[in-house]
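Structure assessment
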Amino acid sequence: QVQLVESGGGLVQPGGSLRLSCAASGSIFEINAMGWYRQAPVNQRELVARITSGGNTNYADSVKGRFTISRDNAKNTVFLQMNSLKPEDTALYYCNAGVRPRPSDWKLEVWGQGTLVTVSS
């Protein structure tokens, strides 16, 4: 069984910064793309940023230039550095990963439990 555990959320003032982390654990043969999604009240879950195992990245237009996604493949961990935060960034942030637990397994989509980011003065 594979688990994703997020950390780093909290309350920050507008213009501030936070760094989210997500560590994968359990039976892991291979992790493909990893990403961060967010969901604000009454909104649908949306992609924030995504990174492939090779380091290619893509971002939502709303966070380009402010957020940076990175990963440590040796530690099965993905990070999201969030700068110049705005009130509209307030949401529950979820980590996602495509994981193959064993060589013979199909890829599984695994989600973390979410970490809350609140941007408010």
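Residues numbered from 1 in each chain as written. Predicted model: local features only at pLDDT ≥ 70, side-chain atom pairs only at ≥ 80, totals over all residues. Heavy atoms only, no water.

1. Some words on the overall build of the chain
Threshold: A run of H or I in DSSP counts as a helix once it spans at least four residues, and a run of E counts as a strand once it spans at least two, with each numbered from the N terminus. Burial here depends on accessible area, computed with a 1.4 Å probe over protein chains only, as a share of the maximum for the residue type. Under 20% is buried, over 50% is exposed, and the range in between is partly exposed. Contact definition: two residues touch when any of their heavy atoms are within 4.5 Å.
Secondary structure assignment for the chain yields 0 helices and 11 strands. The linear arrangement of helices and strands in the chain, starting from the amino end, is β-β-β-β-β-β-β-β-β-β-β. For the chain, with 121 residues in total, the buried portion stands at 40%. Put simply, 55% of the contacts in the chain that link residues at least 6 apart link residues at least 24 apart.

2. Quick word on the environment of Thr-118
Turning to its location among the elements, Thr-118 is positioned in strand β11 (residues 115–119). The exposure class of Thr-118 is partly exposed, given its relative accessible area of 26%. As a C-alpha pair, Thr-118 and Pro-87 span 31 residues in sequence and 7.4 Å in three-dimensional space. Thr-118 has contacts with Gly-10, Leu-11, Val-12 and Thr-90, leaving out every residue within four places of it along the chain.

3. Thoughts on the sheet that holds strand β1 (residues 2–7)
The line we're drawing: DSSP-based pairing: two strands are paired if at least 2 bridges between them are found. Lines fitted to the C-alpha atoms define the axes, with helices restricted to the stretch that makes contact. Angles between their N-to-C directions range from 0 to 180 degrees.
Read from one edge of the open sheet, 4 strands run β1-β3-β8-β7, paired in antiparallel fashion. Edge positions in the sheet fall to β1 and β7 (67–72), since each has one partner strand and no second. Looking at each pair of strands side by side, their axes are set apart by 15° on average, direction ignored. Summarising the sheet, β1 and strand β3 (residues 18–26) pair through 6 bridges and their orientation is antiparallel. Pairing of Leu-4 across the sheet is with Ala-24, part of β3.

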